[in-house]
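So you can see what is in the structure, the chains are spelled out below.
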Amino acid sequence: MTRTLSTLSLCAALAACAGSAGAASSVTLSSVSTDGVGEALGTVTFEQTEYGLVLKPDLQGLAPGLHGFHLHENGSCEPADKNGTTVAAAAAGSHYDPKGTGQHGTPWGNGHLGDLPPLFVADDGTASHAVLAPRLTKQDLKGRALMIHAGGDNFSDTPKKLGGGGSRVACGVIS
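Reading the values: rules and limits
Residues numbered from 1 in each chain as written. Predicted model: local features only at pLDDT ≥ 70, side-chain atom pairs only at ≥ 80, totals over all residues. Heavy atoms only, no water. UniProt positions renumbered as here; feature names shortened; annotations may be inferred. Helix = DSSP H or I, 4+ residues; strand = E, 2+ residues; numbered from the N terminus. Buried < 20%, exposed > 50% of the residue type's maximum accessible area, 1.4 Å probe, protein only. Contact = heavy atoms within 4.5 Å. Areas by Shrake-Rupley, 256 points an atom, 1.4 Å probe, with all protein chains shown as cover. Pairing = 2+ DSSP bridges. Axes fitted to C-alpha atoms, helices over the stretch in contact; angles between N-to-C directions. Polar contact = N/O pair within 3.5 Å; in protein donor to acceptor, adjacent residues only side chain to side chain. Core = buried A, V, L, I, M, F, W, Y, C linked by side-chain atoms within 4.5 Å. Disulfide = S-S within 2.5 Å.

An unreviewed UniProt entry lists the chain under the name Superoxide dismutase [Cu-Zn], from Abyssibacter profundi. Turning to the chain, the UniProt record has this under Function (unreviewed entry): "Destroys radicals which are normally produced within the cells and which are toxic to biological systems." As recorded by UniProt, the Catalytic activity (unreviewed entry) comment attached to the chain reads in full: "2 superoxide + 2 H(+) = H2O2 + O2".

So, in structure tokens, the structure goes:
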């Protein structure tokens, strides 16, 4: 009986590890422009917790203030054409929205699953404050892009769509 319980415990532990196998633990973010991907700005690490996914930035070289921070649907940071204009990191597509809500919202609400809390950048251009994405898991990340926008995020589609964060300034592909 003891041997059976030990075997079952080992199997459960291995299954738990297998469930997170292949899940990304970090991504390097780089500056982006209409010319392509630029210099590396640092990393964001991911930690799965009972409360959701914690994203821990270790970034530098960004403009101070709050920035829109989102998980995008495609694993590319390359520029692409959007309505006849080349846009930085447009190949990343839209915010990750597997349920097809079509609306921007809060990280804990009913909008895009890729809507994250804003990224705070200190006066010296560094970002080190962790954010919690309560509806995301590590498994949601693979093959997607993590994006930082130039401006803040109001978690609404009004008065400007997608929170009004503006242009894409940094991006990283999660493998």
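1. Digging into the overall build of the chain
Helix and strand counts for the chain come out as 1 helix and 11 strands. Taking all 175 residues of the chain together, the buried fraction comes to 39%. Within the chain, residue pairs in contact and separated by at least 24 positions form 62% of the contacts whose partners lie at least 6 positions apart. In the form shown here, the chain has an accessible surface area of approximately 9,100 Å², with 55% of it arising from carbon and sulfur atoms.

2. Focus: the sheet that holds strand β2 (residues 36–49)
Strand order in the open sheet formed by 7 strands is β5-β10-β11-β1-β2-β3-β9, and the pairing between neighbours is antiparallel. Taken across any chain shown, the strands that pair with only one partner, and hence form the sheet edges, are β5 (69–72) and β9 (131–133). Direction aside, the axes of adjacent strands within the sheet are offset by 30° on average. Summarising the sheet, strand β3 (residues 52–59) and β9 pair through 3 bridges and their orientation is antiparallel. Residue pairing in the sheet places Leu 53 in a bridge with Ala 133 of β9.

3. Re the side chain of His 72
Along the chain, His 72 falls in strand β5. Side chain to side chain, His 72 and His 149 meet in a polar contact 3.5 Å long. The contacts of His 72, once residues within four sequence positions are left out, are Ala 92, Gly 93, Ser 94, His 95, Tyr 96, Arg 144, Ala 145, Met 147, His 149 and Arg 168.

4. Digging into the nonpolar core
In this structure, Val 44, Phe 46, Leu 55, Phe 69 and Leu 146 are the most contacted members of the largest nonpolar core, which totals 26 residues. Going through the elements one at a time, β1 (26–33), β2, β3, β5, β8 (119–121), β9 and β10 (145–149) are the ones with two or more residues in this core. Apart from the residues within four sequence positions on either side, Phe 46 is in contact with Ala 24, Ser 25, Ser 26, Val 27, Leu 53, Val 54, Leu 55, Lys 138, Leu 141, Leu 146 and Ile 174. Within the second largest apolar cluster, 8 residues are counted, among which are Cys 77, Ala 92, Met 147 and Cys 171.

5. Looking at the state of the cysteines
Counted by the stated rule, this structure contains 1 disulfide. Residue Cys 77 pairs covalently with Cys 171 via a disulfide, S to S 2.0 Å. Around the S-S axis, the bridge from Cys 77 to Cys 171 shows a dihedral of about -75° and counts as left-handed. In this pair, Cys 77 is assigned in the loop between β5 and β6 (80–82) and Cys 171 in strand β11 (residues 168–173), connecting sequence segments 94 residues apart. Its relative accessible area of 6% is what places Cys 77 among the buried residues. Among the residues examined, Cys 171 registers a relative accessible area of 2% and is labelled buried.

6. Observations concerning the pairing of β5
Regular strands place their side chains on alternate faces of the sheet. The side-chain alternation of β5 yields two buried faces, one formed by Phe 69 and Leu 71 and the other by His 70 and His 72. Relative to β10, β5 runs antiparallel, the two sharing 4 bridges. Looking at the pairing, Leu 71 lines up with Leu 146 of β10.

7. A word on the side chain of Ser 30
Within the secondary structure, Ser 30 sits in strand β1. Among all residues touching Ser 30, those that are not within four sequence positions of it are Val 37, Gly 38, Glu 39, Ala 40, Leu 41, Val 169, Ala 170 and Cys 171.

8. Remarks on unusual backbone geometry
In the Ramachandran plot, Asn 83 falls in the positive-phi region, its phi being about 55° despite a non-glycine side chain. Relative to the helices and strands, Asn 83 resides in the loop between β6 and β7 (85–87). Of note in the backbone geometry, Ala 89 takes a positive phi value of approximately 55° without being a glycine. You can see Ala 89 is positioned in the loop between β7 and β8.

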